Amino acid sequence: MAVTFYWYPQCGTCKKAKKWMDENGVEYETVHIVEHPPSESQLQDYITKSGLPAKKFFNTSGKKYRELGMKDKLKEANEHEMIKWLASDGMLIKRPIVTNGKDVTVGFKEADFENTWK
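Residues numbered from 1 in each chain as written. Predicted model: local features only at pLDDT ≥ 70, side-chain atom pairs only at ≥ 80, totals over all residues. Heavy atoms only, no water.

The next subject is the overall build of the protein. Helix and strand counts for the protein come out as six helices and four strands. Helices (α) and strands (β) of the protein occur, in sequence order from the N terminus, as β-α-β-α-α-α-α-β-β-α. Its C-alpha atoms give the protein a radius of gyration of 14 Å, within 12% of the compact-globule value 13 Å for 118 residues. Projected onto its principal axes, the C-alpha positions of the protein cover 40 × 25 × 25 Å. Here the protein, with 118 residues, has 40% of them falling under the buried criterion. (Helix = DSSP H or I, 4+ residues; strand = E, 2+ residues; numbered from the N terminus. Rg over C-alpha atoms; globule rule 2.2 N^0.38 Å. Buried < 20%, exposed > 50% of the residue type's maximum accessible area, 1.4 Å probe, protein only.)

If you want it as structure tokens, here you go:
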């Protein structure tokens, strides 16, 4: 099954994850998350398949997250609103997102990659 790797090339975490994928022989297609962010329906699907709440898909350490005051907005927001915000700006999305259509990981934790992508 084809693996899609949503990333931002200047992101250190993305570079580590990409290096891990390369070293472990995982074939993937890269998608620039800022130029081509996932759609609302894709994000809904990824959230469901990851088993994580929508809040976990936000790049909480990002400049855009702080500029837009997302921390306060998320307290009152429902999942639909969160997905709209995420789909509107790839810089708000925690990265990388890796999926094969069945499994989804968000961010890079080596143990998660070992369990999911090896």
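Further remarks concern the nonpolar core. Phe57, Phe58, Leu86 and Ile97 are the most contacted members of the largest nonpolar core, which has 22 residues in total. Broken down by secondary-structure element, the contributors of at least two residues to this core are α2 (40–50), α4 (70–76), α5 (79–88) and β4 (104–106). Sort the elements by how many residues they give to this core and α5 lands first, with four residues. Other than its neighbours up to four places away in sequence, leucine 86 contacts Leu43, Ala54, Phe57, Phe58, Leu92 and Ile93. Ranked by size, the runner-up nonpolar core spans 12 residues in total, among them Val3, Trp20, Met21 and Phe113. (Core = buried A, V, L, I, M, F, W, Y, C linked by side-chain atoms within 4.5 Å. Contact = heavy atoms within 4.5 Å.)

So, on to unusual backbone geometry. A cis amide bond links arginine 95 to the next residue, proline 96, at an omega of -5°. Structurally, the position occupied by proline 96 is in the loop between α5 and β3 (97–99).

The subject of this paragraph is the pattern of salt bridges. A full pass over the atoms with the stated rule returns eight salt bridges. Here aspartate 22 and lysine 18 are joined by a salt bridge, their closest N and O atoms 3.8 Å apart. Residue aspartate 22 and its partner lysine 18 are both found in helix α1 (residues 12–23); the two are separated by four residues, about one turn of the helix. For aspartate 22, a relative accessible area of 44% corresponds to the partly exposed category. Residue lysine 18 is classed as partly exposed on the basis of its relative accessible area, which comes to 23%. Across the salt bridge formed by glutamate 114 and lysine 118, the nearest N and O atoms sit 3.4 Å from each other. (Salt bridge = Lys/Arg side-chain N within 4 Å of Asp/Glu carboxyl O.)

The subject of this paragraph is the side chain of asparagine 100. Mapped onto the elements of the fold, asparagine 100 is located in the loop between β3 and β4. For asparagine 100, a relative accessible area of 14% translates into the label buried. In this structure the side chain of asparagine 100 is engaged in a polar contact, spanning 2.8 Å, whose partner is the backbone nitrogen of lysine 102. Within the structure, asparagine 100 has its side chain in polar contact with the backbone nitrogen of aspartate 103 (distance 2.6 Å). With residues near it in sequence (within four places) discarded, asparagine 100 still touches Met1, Ala2, Val3 and Trp117. (Polar contact = N/O pair within 3.5 Å; in protein donor to acceptor, adjacent residues only side chain to side chain.)

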